[in-house]
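# Summary of the model geometry
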Amino acid sequence: MTNANTPFGQMSVRELQDGLAAKEFSCREVAEATLDVIQDADRKIHSFLETSRDQALAQADALDARIADGTFADAGVLAGVPVGFKDNMNLEGTHTTCSSNMLADYVSPYTATCVQKTLDAGAIPMGKLNMDEFAFGSSTETSAFGPTCNPWDTGRVPGGSSGGSAAAVAAGLVPVTLGSDTGGSIRQPASFCGVVGVKPTYGAVSRYGVVAFGSSLDQVGPFARSVEDAALAMNAICGHDPRDCTSQPCQGDYTAKLDAGAKGMKVGIVPAFLEAKGLSDEVKQRVQEAAKKLEAAGAELHEIELPHASAAISAYYVLGPCEAFSNLARFDSVRYGFSDPGHKDLGSQYEASRAKGFGPEARRRIMLGSYLLSAGVYEQYYYPAQQVRTLITQDYTDAFKQVDCLLTPSAPRTAFKFGEIADPTEMYLSDMFTISINIAGNGGMSVPCGVGEDSGLPIGVQLISPAFQDEVMFRAAAELERAYGKAQVAPDFKVGE
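Residues numbered from 1 in each chain as written. Predicted model: local features only at pLDDT ≥ 70, side-chain atom pairs only at ≥ 80, totals over all residues. Heavy atoms only, no water.

### Some words on the environment of Phe358
Quick reminder of the rule: Secondary structure is summarised from DSSP: a helix means a run of H or I of at least four residues, a strand means a run of E of at least two, and numbering begins at the N terminus for each. Note on exposure labels: buried denotes an accessible area under 20% of the residue type's maximum, exposed denotes more than 50%, and partly exposed covers the range between, all computed with a 1.4 Å probe on protein chains only. The contact rule is simple, with two residues in contact once any of their heavy atoms fall within 4.5 Å.
You can see Phe358 is positioned in the loop between helix H11 (346-357) and helix H12 (360-372). Residue Phe358 is classed as buried on the basis of its relative accessible area, which comes to 2%. The spacing of Phe358 and Leu91 is 267 residues in sequence and 22 Å in space, taken between C-alpha atoms. The contact partners of Phe358, leaving out residues within four places of it in the chain, are Ser100, Met102, Glu133, Phe134, Leu328, Phe331, Arg363 and Ile366.

Right, dumping it as structure tokens:
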């Protein structure tokens with residue numbers, strides 16, 4: 001029996017589906033009530049850029065028909081669950097802006113595979129979520145349409161670039177969202193907002209229909225308030241897609257090991273990460289505490305060296321801008337995108353449109369990528385960065401010969417205030433513990449482990465698994481969740497009990 005006072009967005013997947021199956025409420029009631037909550041509560045945090053009312057009600061009515069004819073049990077693992085999508089994912093009939101003026105008027109003519117899979121799994125599409133422009137950022141401050149606020153403290157950032165996706169779940173507007181992660185853009189905001197955030201192994205989820213930032217680094221994954229809900233979302237979106245050449249046939253059940261416990265697991269701790277410059281004491285304490293909880297549950301702790309991880313940020317900020325420069329070249333103001341009027345020749349139109357259409361951080365990365373790919377520079381930086389990538393990947397391969405998963409910080413600190421970090425280089429260090437996993441392609445996830453004693457803000461720890469063995473990190477995450485409890489809706493947004 002569900003609590004009638006609890007908003008649908010603050011229920012778990014199981015609670016929603018049990019209530020629907022028992023006919024305590026209908027899918028249309030879920031959709032309409034969730035849209036109303038978003039319209040009201042989201043004014044405080046600005047996590048949604050657009051709601052998809054027509055698509056949501058159409059999906060809800062189709063699901064209600066299945067409840068009526070007795071086939072709802074086969075409607076999918078996310079049947080009846082309101083889900084939001086980061087605004088770099090195409091959903092036919094909605095704007096896909098990437099939070100950029102360059103795409104402010106672009107309406108999706110098709111639907112991304114990851115979005116379609118959630119719809120096929122019965123999810124109710126609630127709309128598009130705010131982000132850093134083209135996923136360039138760690139705070140959602142670079143959005144052309146205004147930042148998203150952290151639901152735990154609206155004077156602080158939610159992290160980025162998937163800040164809207166994390167904040168919507170933390171505020172209880174929806175139970176599940178999808179985000180993308182190129183260097184930490186799921187795990188860092190998950191830590192800042194106190195929710196579960198999953199970056200699967202590269203290739204586990206199709207990127208077809210997701211506007212590219214770094215094609216060798218991007219990955220799509222879910223946010224949720226419980227490990228089980230995140231695992232169910234992964235069950236919906238993973239698997240091979242012939243339209244994405246990097247997609248792999250890895251369909252599995254991410255819920256299979258959630259009850260296995262940590263006994264017998266070998267968990268790696270990276271001492272160098274815990275001594276890293278910029279790591280706050282309260283985050284370090286939480287990681288050490290989480291390690292002890294896993295050990296108390298029967299896991300073995302082992303110290304692991306990742307000799308080349310310190311070079312990850314340097315390599316990433318060569319590889320990422322190079323790929324971003326190539327991917328953003330398509331926004332030429334001719335085929336689609338913002339076009340500055342009044343120019344007599346194509347060259348001046350192209351130059352003015354890109355200068356005005358892209359924000360400062362996008363322009364910074366385009367210019368950096370252009371320089372790094374230029375003659376005489378390419379060999380000096382790009383080739384060595386690829387060599388570092390190989391070394392980092394080998395480090396993780398060697399580590400997983402010794403342990404089942406790794407436990408590290410998700411972010412070096414808790415959520416910072418708006419405007420607190422003005423130096424781009426300092427902002428880039430927000431992803432110091434997450435970037436190497438994108439470079440190597442392994443799976444990683446952030447799991448909430450309470451709030452900091454000093455800040456009173458959420459802290460997450462990161463679990464890293466071998467490639468295409470993401471169920472291992474889900475197993476460890478479930479054990480930590482049993483120790484800490486499921487993620488809570490941010491206090492100011494909590495309704496009912």
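### Here we look at the pattern of salt bridges
This is how it is decided: For this analysis, a salt bridge means a side-chain nitrogen from Lys or Arg found within 4 Å of a carboxyl oxygen belonging to Asp or Glu.
Evaluated as defined, the whole model comprises 17 salt bridges. For Glu228, the salt bridge is made with Arg14, and the minimal N-O distance between the two is 3.2 Å. Of this pair, Glu228 sits in helix H7 (residues 227-237) while Arg14 sits in helix H1 (residues 13-21), placing them 214 residues apart in sequence. Of the residues examined, Glu228 reaches a relative accessible area of 25% and is grouped as partly exposed. Between Arg335 and Asp332 there is a salt bridge whose closest N-O contact spans 3.2 Å. Look at Asp332 and you get buried, because its relative accessible area is 12%. Residues joined by salt bridges that share partners form a network here, namely Arg28, Glu32 and Asp61.

### Regarding the nonpolar core
So the rule is basically this: We call a set of buried Ala, Val, Leu, Ile, Met, Phe, Trp, Tyr and Cys residues a nonpolar core when their side-chain atoms join them within 4.5 Å.
One finds Phe134, Leu407, Leu463 and Phe474 to be the most contacted residues of the largest nonpolar core, which totals 142 residues. A per-element tally of this core places helix H10 (residues 312-328) first, with 10 residues. Once residues lying within four places of it in the same chain are set aside, the contact partners of Leu407 are Val267, Gly268, Ile269, Val270, Val287, Ala290, Ala291, Leu294, Val461, Gln462, Leu463 and Leu480. Residues Ala166, Val169, Ala190 and Val195 belong to the second largest nonpolar core, which totals eight residues.

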